[in-house]
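Residue strings, one per chain:
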Amino acid sequence: MTSYKKSIAEILAPLIDGLTAEEIEQMIEIPADEKMGDYAFPCFRLAKILRKAPPLIAADIAAGVPNDGLFEKVENVNAYVNFYLSRERFVGDIVKEVGEKKENFTKSNKGEGKTVIVEFSSPNIAKPFHIGHIRSTVIGNSIYKIFDELGYNTVRINHLGDYGTQFGKMISAYRRWGNREDVEKEPIKTLLSYYTKFHEEAEKDPSLEQEARDIFARLEKGEPEETELWQWFRDESLKEFTRVYKMLGIEFDSYAGESFYSDKMPRILDELKEKGLLQESQGAQIVDLEKYGMPPALVTKSDGSTLYITRDIAAAVYRKEHYDFYKNIYVVASQQNLHFQQWFKIVELLGYDWAGDCVHVPFGMVSLKDGVMSTRKGRVVFLEDVLNRAVEKTREIIEEKGVATDNIDETAAQVGIGAVMFNELSNNRIKDYVFDWDKVLNFEGETGPYVQYTHARACSLMRKAGEELTAKAEKLEGFDASLICSDSAYELAKLIYRMPEVIQEAADKYEPSVITRHIIDIAQAFNRFYQSERIVTDDEAATVSRLALVICTKTAISNGLALLGIQAPERM
Ligand code: ARG
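How each quantity is defined
Residue indices begin from 1 for each chain and proceed along its sequence in written order. In keeping with the predicted nature of the model, local features appear solely for residues at pLDDT of at least 70, side-chain atom pairs appear and are counted solely at 80 or more, and the whole-chain, interface and lining totals rest on all residues. Secondary structure elements follow DSSP: runs of H or I no shorter than four residues count as helices, runs of E no shorter than two count as strands, and numbering proceeds from the N terminus. Partly exposed residues are those falling between the two cut-offs: more than 12 but fewer than 20 other C-beta atoms within 10 Å of their own, whereas 20 or more means buried and 12 or fewer means exposed, with C-beta atoms placed from the backbone. Any residue pair is listed as a contact if its two C-beta atoms, each placed from the backbone, are within 7 Å. By this definition, two strands are paired if DSSP reports at least two bridges between them. Whenever a helix is involved, its axis is fitted only over the stretch in contact; in every case the axis is a line through C-alpha atoms, and angles between N-to-C directions fall within 0 to 180 degrees. Boundaries between domains were set according to an automatic or database domain assignment. Ten residues, namely Ala, Val, Leu, Ile, Met, Phe, Trp, Tyr, Cys and Pro, are considered nonpolar, four, namely Asp, Glu, Lys and Arg, are considered charged, and the remaining ones, Gly among them, are considered polar. Any angle that is under 35 degrees is reported as roughly parallel, and any over 145 degrees as roughly antiparallel; angles of 65 to 115 degrees are reported as roughly perpendicular and all others as oblique. For any helix crossing, the convention is left-handed if the near helix is rotated counterclockwise from the far helix by under a right angle, and right-handed if that rotation is clockwise.

### What to know about the overall build of the chain
Broken down by element type, the chain carries 22 helices and 12 strands. Structurally, the chain occupies a C-alpha span of about 85 × 65 × 35 Å along its principal axes. Out of the 572 residues in the chain, the part that is buried amounts to 41%. When contacts within the chain are restricted to residue pairs at least 6 apart in sequence, those whose partners lie at least 24 apart make up 74%.

This is the structure in structure tokens:
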């Protein structure tokens, strides 16, 4: 997008001795109060260079600014020069630029040649993909899309929890009480029930624990029978996860989970030993982190088996060597903060200079308000059930409201699932929050359905205007910016203009909610514009001009939703 800060800096540069356009650009501010203009240039720092009082400097600069139509007015107030953009020029520029670039208007090539890994979702095999996992899945997917939009090469990794001593237990339980058909029918629920039974039985008969350890040892050695069962559990679980990912429209480039690193562990242990980082402790091996204010990290158990943290270290080393990442991002719950701090430190102590390029992006927990869905003792809430319920409820609302759609199943899926995803991405990710159906599916609140509905409204205006006028608006034939300079149009154009900045901010903070917030603002501004102005009238020039702004809004909203991983239906 055209940078107005930059244009203003270029205009000011010849007026200010001793500062380059780049330096000036850095100094330009956006006033908190719109009455003070769209941009402001503070003159305090110039006092020393120019040996003049700042208010005088501001007055001189304001008087010297040539007006070629970019500004409505330029004023000096105290030590500031305030710039008020010409609405006509501004709105015209934005509509032209977005109209030309279309959905590419939010793309950038900032990340060209750099690889960003986003690891997210990472559920555990044979364990439920529950409502808590949705956070990593949805936030991670959005962060991936944001970096992709900024031109980075991206790699989506699902670090499946597919290894560890629990698989010994699962295999033992399956052999004792299992049945193939049940597993095939409902893999995760069935495997989970075996696992639970194992724990119940092991309380009565502790020898089961030893049996499980022996089985896991056989699995680690690659014994065919155990490996085959493990592989089958993994495949069946993955089928179930894939079904959920499909509903969410989410894909991965790699499913290299914990097991993938099982043969890469000896090297890590050797390196740790070489650097003198390993210590014996009751037969186990630990890395002492006391100096760094952290408890020791257990890297091998007394029976020699490795742990979750060891696999994370091996995975990071592998990823650096395999992908040469610029950033390696982990979207994982804040409960694991210490885990990540520990192993990031260990990677640093191993002497890897890229340790600082590993980023843990934590998030808070979700709890459920709705009684029906609440986690009764032992009853986990499955994400798939939540999504199905969202779709069903949306379908009821659509039927009740008589919403226009040609394909109610498709719309209900887009809106219902979109609503759950949007809700996930509405709050600052680090905050804990309560899942509340009424809030999620509200068509009027600050929700997914509201934003999608606004998008559909823009589409419906285009249909109402007809193909011919819409085509003219798209090509800006007969477009006249002076016809879209009202307060509401100007406010809307400003928000659209800020989209690329907002996306950059979301990337810098690893915070999709910045985008969520912004598209709610756009939707609200659009609805004010829509209410205060008639878009489609008999006046062709006015219709085309307003419609052009409507089309830009539609592009901005659908791009924003896409970055959140949410669809933008044209009718609803
Ligand atoms: N499987 C883990 C869990 O469900 C999350 C994995 C997070 N990623 C990692 N590299 N440690 O808790």
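### What to know about the sheet that holds strand β2 (residues 71-77)
Spatially, the three strands line up as an open sheet ordered β1-β3-β2, and their pairing is antiparallel. Looking at strand neighbours, the two that pair on one side only are β1 (39-42) and β2, the edges of this open sheet. For this sheet the average axis-to-axis angle between neighbouring strands, irrespective of direction, equals 15°. As paired strands, β1 and strand β3 (residues 80-85) are joined by four bridges and run antiparallel to one another. Along β3, the bridge assignment pairs Tyr 39 with Phe 83. Where helix α1 (residues 4-12) meets the sheet, it contacts β1 and β3, and its direction lies at approximately 45° from that of β1.

### Structural notes on the domain arrangement of the chain
Structurally, the chain comprises domain 1 (4-85), domain 2 (115-273 + 299-361) and domain 3 (393-564). Using C-alpha coordinates to define each centre, domain 2 is positioned 38 Å away from domain 3. Taken together, the contact pairs 17 residues of domain 2 with 15 residues of domain 3. If one sorts the elements of the side of domain 2 that touches domain 3 by residue count, helix α6 (residues 133-149) sits on top with 10 residues. Among the residues making up the side of domain 2 that touches domain 3, the classes are represented as 12 nonpolar, two polar and three charged.

### Some details on the packing of helix α5 (residues 87-101) against helix α22 (residues 540-564)
Contact geometry of α5 with α22 gives a least axis separation of 9 Å together with a crossing angle of 55°. The pairing of α5 with α22 is recorded here as oblique in orientation. The interaxial crossing formed by α5 with α22 has left-handed handedness. Note on element contacts: α22 touches α5 through Ala 548, Leu 549, Cys 552 and Thr 555, opposite Ile 94, Val 95, Val 98 and Gly 99. Of the residues assigned to the contact of α5 with α22, the class counts are six nonpolar, two polar and no charged.

### Some thoughts on the pairing of strand β9 (residues 327-331)
Where burial is concerned, most of β9 is hidden: four out of the five residues are buried. Relative to β9, strand β4 (residues 115-119) is paired through four bridges, and the arrangement is parallel. When the bridges of β9 are listed, Val 118 appears paired with Ile 329. Strand direction decides the pairing type here: β9 and strand β10 (residues 358-361), joined by four bridges, are parallel. Looking at the pairing, Val 331 lines up with Val 361 of β10.

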